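# Remarks on the overall topology
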Amino acid sequence: MAYSIESQVSVAVPTANDISLRRSVIKSNIISFGNKSWASNFSFDLKSRNAQKRNQYVVCMSVQQASKSKVGVSPLELETEKEPPLNLFKSKEPHIATIVSVERLVSAKAPGETCHIVIDHGGNVPYWEGQSYGVIPPGENPKKPGSPHNVRLYSIASTRYGDSFDGKTASLCVRRAVYYDAETGKEDPSKSGICSNFLCNSKPGDKVQITGPSGKIMLLPEDNPNANHIMIATGTGVAPFRGYLRRMFMEDVTFKFHGLAWLFLGVANSDSLLYDDEFAKYLKDYPDQFRYNRALSREQKNKLGGKMYVQDKIEEYSDEIFKLLDEGAHIYFCGLRGMMPGIQDTLKRVAEQRGENWDEKLSQLKKNKQWHVEVY
């Protein structure tokens, strides 16, 4: 939910196919962490969008794309639990985890910075897709002298196996919160977001206090592998959906997905798109199971000539969306709290145009547990 990189962590994973990688530059090929040493078998500039394969391994970066051949994961014991882990660590006794990598996700013309942050929890803070971690930034709470800062919640942007597929890491998608003086137009560091800046400024090896995991409303229902899932995200609200999609299309797990996954992502412009290469690859490899629609408010126009927001995309495809909902599809919303009024108004207007009562329909969706909302 709710960045220049000095180094990146890479994990060598055997696979039979090439994996295209997101734009970035790897600056170091070996990183040691604890008693582990991970070495890449590649040397490449990811900005070229091409990697030269030197042997049977590929490097799985934190924002890699999936190959058609799914990736093996471990430990498979993470598949056997019947209930999600909840609140294993609380604010009074948080788990001390370690930053593995911090990677800038957005390009130059994006308004603001968003980072992909990989955290090593050593397998001690397991979670399920759709849950959140709490982060306690270092320092003293200015409103409560002598007390630590309050916990900030962040949706987890990886599957339970993490980006290294070993069940020992979790990834967060964090936008750096900065504030500008209304009169001068200059950034006011005194009002910067404490936790987001701490995370985005972190270096590999830094310690971070985490709590959780928490949340059940956004858990991916897996009882019906043929179910359809409609995901609506703005900005970093895409985090849980990245986890869903990696589980559906990237990892070789016991959950064998046969339904439709449909992602709507709203951001300011093309440079602000998050995990776009991953999603585009799923679209290429699974065209019958994945749909992906982008709403770029500063680059696209809606049918009235105004800015294009996710609710405009929802209206554009409303007939299909309502049909899927009537057939039992799940619909998820994640992002800034301000996204929901516009979406609700659009859904209500569309329902009325179809001769339906939206309030009754929404009540039924909630009763059927098809309606999932996490906003902040």
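Residues numbered from 1 in each chain as written. Predicted model: local features only at pLDDT ≥ 70, side-chain atom pairs only at ≥ 80, totals over all residues. Heavy atoms only, no water.

### Remarks on the environment of Glu-83
Position of Glu-83 among the secondary structure elements: in the loop between β5 (71–72) and β6 (95–104). Sequence separation of Glu-83 and Trp-128 is 45 residues, and the distance between their C-alpha atoms is 9.5 Å. Those residues in contact with Glu-83 that lie beyond four places of it in its chain are Trp-128 and Lys-216. (Helix = DSSP H or I, 4+ residues; strand = E, 2+ residues; numbered from the N terminus. Contact = heavy atoms within 4.5 Å.)

### Some remarks on the packing of helix α2 (residues 239–249) against helix α3 (residues 276–285)
Contact geometry of α2 with α3 gives a least axis separation of 11 Å together with a crossing angle of 35°. Judged by the sense of rotation from one axis to the other, the crossing of α2 with α3 is left-handed. Of α3, the residues touching α2 (which contributes Arg-242, Leu-245, Arg-246 and Phe-249) are Glu-278, Phe-279 and Tyr-282. Class assignment of the residues belonging to the contact of α2 with α3 gives a composition of four nonpolar, no polar and three charged. (Axes fitted to C-alpha atoms, helices over the stretch in contact; angles between N-to-C directions. Left-handed = near helix turned anticlockwise from the far one by under 90°. Nonpolar A, V, L, I, M, F, W, Y, C, P; charged D, E, K, R; others polar.)

### A short note on the sheet that holds strand β16 (residues 330–335)
Read across the sheet, five strands follow the order β15-β14-β12-β16-β17 without closing on themselves; strand pairing throughout is parallel. With one partner strand each, in any of the chains shown, β15 (290–296) and β17 (371–375) form the two edges of the open sheet. Taken over all neighbouring pairs, the strand axes of this sheet differ in orientation by 10° on average, direction set aside. Examined bridge by bridge, strand β14 (residues 261–267) and β15 share seven bridges and lie parallel to one another. Each residue of the ladder has a partner; that of Trp-262, found in β15, is Arg-291. Here α3 sits on the sheet and contacts β14 and β15; the angle it forms with β15, its principal contact strand, is near 140°. (Pairing = 2+ DSSP bridges.)

### Details of the confidence of the model for the chain
On average, residues of the chain score 85 in pLDDT, and 82% of them reach the 70 mark or higher. Under a pLDDT of 50 for its full length, residues 3–67 has, in the predicted model, 165 contacts with residues more than four places off or in other chains. (pLDDT = per-residue confidence, 0-100.)

### Remarks on the pairing of strand β11 (residues 207–214)
Successive residues of a regular strand alternate their side chains across the two faces of the sheet. Of all eight residues in β11, six are buried, a share of seventy percent or more. One ladder, built from four bridges, connects β6 with β11; its direction is antiparallel. Paired with His-95 across the two strands is Ile-210, which belongs to β11. (Buried < 20%, exposed > 50% of the residue type's maximum accessible area, 1.4 Å probe, protein only.)

### Overview of the packing of aromatic side chains
A complete count under the given rule lists 20 aromatic pairs for this structure. Between Tyr-127 and Tyr-133 the ring centres are 5.7 Å apart and the planes differ by 80°, which places this aromatic pair in the edge-to-face class. For the pair formed by Tyr-127 and Tyr-133, the shared burial category is buried. Pairwise contacts between aromatic rings join Phe-249, Phe-255, Phe-257, Tyr-275, Phe-279, Tyr-282, Tyr-286, Phe-290 and Tyr-292 into one cluster. Sitting over the ring of Trp-262, Arg-291 keeps its end group 3.8 Å from the ring centre. (Phe/Tyr/Trp six-rings, centres within 6.5 Å; stacked < 30°, edge-to-face > 60°. Lys NZ or Arg CZ within 6 Å of the ring centre and 35° of its normal.)

### So, the pattern of salt bridges
Under the definition given, this model contains 23 salt bridges. Lys-361 is paired through a salt bridge with Glu-356; the nearest N and O atoms lie 3.0 Å apart. Classification of Glu-356 as partly exposed rests on a relative accessible area of 24%. Ionic contacts of the salt-bridge type, sharing partners, join the residues Glu-79, Glu-129, Arg-160, Glu-222 and Arg-247 into one network. (Salt bridge = Lys/Arg side-chain N within 4 Å of Asp/Glu carboxyl O.)

### Details of the environment of Leu-78
Structurally, the position occupied by Leu-78 is in the loop between β5 and β6. Once residues within four sequence positions are removed from consideration, Leu-78 is found in contact with Pro-126, Trp-128, Arg-160, Tyr-161 and Gly-167.

### Overview of the nonpolar core
Grouped together as the largest cluster of nonpolar side chains are 40 residues, with contacts concentrated most on Phe-241, Leu-245, Met-248, Phe-249, Leu-263, Phe-279 and Phe-290. Considering every element that reaches this core, the biggest residue donor is α2, with six residues. Counting only domains with at least three residues in this core, you end up with domain 1 (76–214) and domain 2 (229–375). In this structure, Phe-290 is in contact with Leu-245, Phe-249, Leu-260, Ala-261, Leu-263, Phe-279, Tyr-282 and Leu-283, ignoring residues within four places of it in sequence. Formed by 28 residues, the second largest nonpolar core is a distinct cluster that contains Ile-232, Leu-325, Ile-343 and Val-350. (Core = buried A, V, L, I, M, F, W, Y, C linked by side-chain atoms within 4.5 Å. Domains from an automatic or database assignment.)

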